[in-house]
Amino acid sequence: MIKAGVIGATGYAGAELCRLLLSHPQAQLTALSSVSFEGKALSEVYPAYRGLCDLTCGSADQVVDACDVIFAALPHGLSQELAAQCDAKGKVFIDLGADFRLENEEDYKQWYGGEYTDKQLHAKAVYALPELFRDQIRGKTVIANPGCYTTGVPLALAPAVKLGLVETAGIIADCKSGVTGAGRGLTQGSHYPELNEGMHPYKVAAHRHTPEIEQTLSHLAGEKVRITFVPHLLPVNRGILSTCYARLKPGVDKQQVRRAYEDFYKDEFFVRLLPDGQCADIHNIKYSNFCDVSLHIDDRTGTLIAVSAIDNMVKGAAGQAIQNMNLVFGLEETTGLTQMPPAF
């Protein structure tokens, strides 16, 4: 059994990691840490886990010492020292934060206001979106787990961008997220009276996931890609819906796009390409590691409208992290991640 530990276990992503690891047949949830709730059992913080996970939250050092793989579900700026500690002890480190996602340190300075404290360690890290970079992930020990928007948008656009079916200029990603994406900390924007019965964009043209999405699309396209990215906050707990617009290149038709997506994702268990006429919906992926993709063509304007739906806490965070753990340890990629979404 793989001994797994979670640092930041009482945040939403950390608690979701615990939920999924508890049902993983080849991993044992061994140790937890939480600064806010050190000394408390996870089941005290989340009563739903009573009798299922009564582990007490200790220190980060205890997690590192006790485990083979360490998941860090922490805000940006807090993972680099932990990654170095794990690397020195030969442990696998999977970071759900942003500290290892961006290849260019200048981008990290601009968007996150930090610096790379160990450039050699950053050189060892791999950006781990399995459906796009699977071969680069195997055998690595410092894993940068993508975030929610940065999973949903690339999976919606990857075949079209990589195969040159769309213009890379003028791509628009219009996304809607459940409020768990804002984390467990209280803010005015996530306060119930402010959120309920409303929807609004936020961080318009200034969201930190922008350079990460552009980095992935640029790798796929083989050229620099810039996008217009606008996230919105939905009054729901979970889910991200990404509606992406890209201009089709001359001569590209609906059938060609459809065939390209079918071929690109034919062996991907977690990407479900929906039949023509259906639309991706966050209702249908809740609590699962699936990404549903629907394709739509505006013939009048020659525009591809690719829509993806993911659970931001699973495929957009904890589920994808476990998918990456499976890859690193040579397990079947779907192990522990085949939970069905609820039908209603």
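Refer to the structure above for everything that follows.
For the structure given in this document, a descriptive report is provided here.

The rules we used
- Residues numbered from 1 in each chain as written.
- Predicted model: local features only at pLDDT ≥ 70, side-chain atom pairs only at ≥ 80, totals over all residues.
- Heavy atoms only, no water.
- Phe/Tyr/Trp six-rings, centres within 6.5 Å; stacked < 30°, edge-to-face > 60°.
- Buried < 20%, exposed > 50% of the residue type's maximum accessible area, 1.4 Å probe, protein only.
- Helix = DSSP H or I, 4+ residues; strand = E, 2+ residues; numbered from the N terminus.
- Lys NZ or Arg CZ within 6 Å of the ring centre and 35° of its normal.
- Polar contact = N/O pair within 3.5 Å; in protein donor to acceptor, adjacent residues only side chain to side chain.
- Contact = heavy atoms within 4.5 Å.
- Pairing = 2+ DSSP bridges.

## Brief notes about the packing of aromatic side chains
Logical step 1: Tallied over the full model, the rule gives 10 aromatic pairs.
Logical step 2: Between Y46 and Y49, the aromatic rings sit 6.0 Å apart at their centres with planes inclined by 35 degrees, giving tilted as the arrangement.
Logical step 3: Note on Y46: relative accessible area 16%, which makes it buried.
Logical step 4: Plain terms: the ring middles of Y108 and Y112 are 5.4 Å apart, the flat faces sit at 25 degrees to each other, and that makes the pair stacked. With Y108 and Y112 both in helix α5 (residues 105-112) and 4 residues apart, this pair spans about one turn of that helix. Comparing Y108 with Y112 shows no difference in burial state: the two are buried.
Logical step 5: The structure contains a cluster of three or more aromatic residues connected by ring pairs, namely Y108, Y112 and Y116.
Logical step 6: The ring of F290 has R272 lying over it, and the distance from NZ or CZ to the ring centre is 4.3 Å.

## Brief notes about the side chain of R101
Logical step 1: In this fold, R101 is placed in the loop between β5 (92-95) and α5.
Logical step 2: Judged by relative accessible area, which is 6%, R101 ranks as buried.
Logical step 3: For R101, the side chain forms a polar contact with the side chain of E212, separated by 3.4 Å.
Logical step 4: Beyond its immediate stretch of four places on either side in the chain, R101 contacts L96, Y127, A144, N145, P146, G147, H209, E212 and Q215.

## Brief notes about the sheet that holds strand β9 (residues 200-201)
What holds strands together in a sheet is hydrogen bonding between their backbones, with the strands either parallel or antiparallel.
Logical step 1: The strand order β9-β10-β8-β11-β14-β13-β12 describes an open sheet built from 7 strands, whose pairing is mixed. With partners counted over all chains shown, the strands left at the sheet margins are β9 and β12 (271-273), one partner each.
Logical step 2: By the bridge criterion, 7 bridges tie strand β8 (residues 171-177) to strand β10 (residues 227-233) in an arrangement that is parallel. Looking across to β10, one finds that S177 is bridged to L233.

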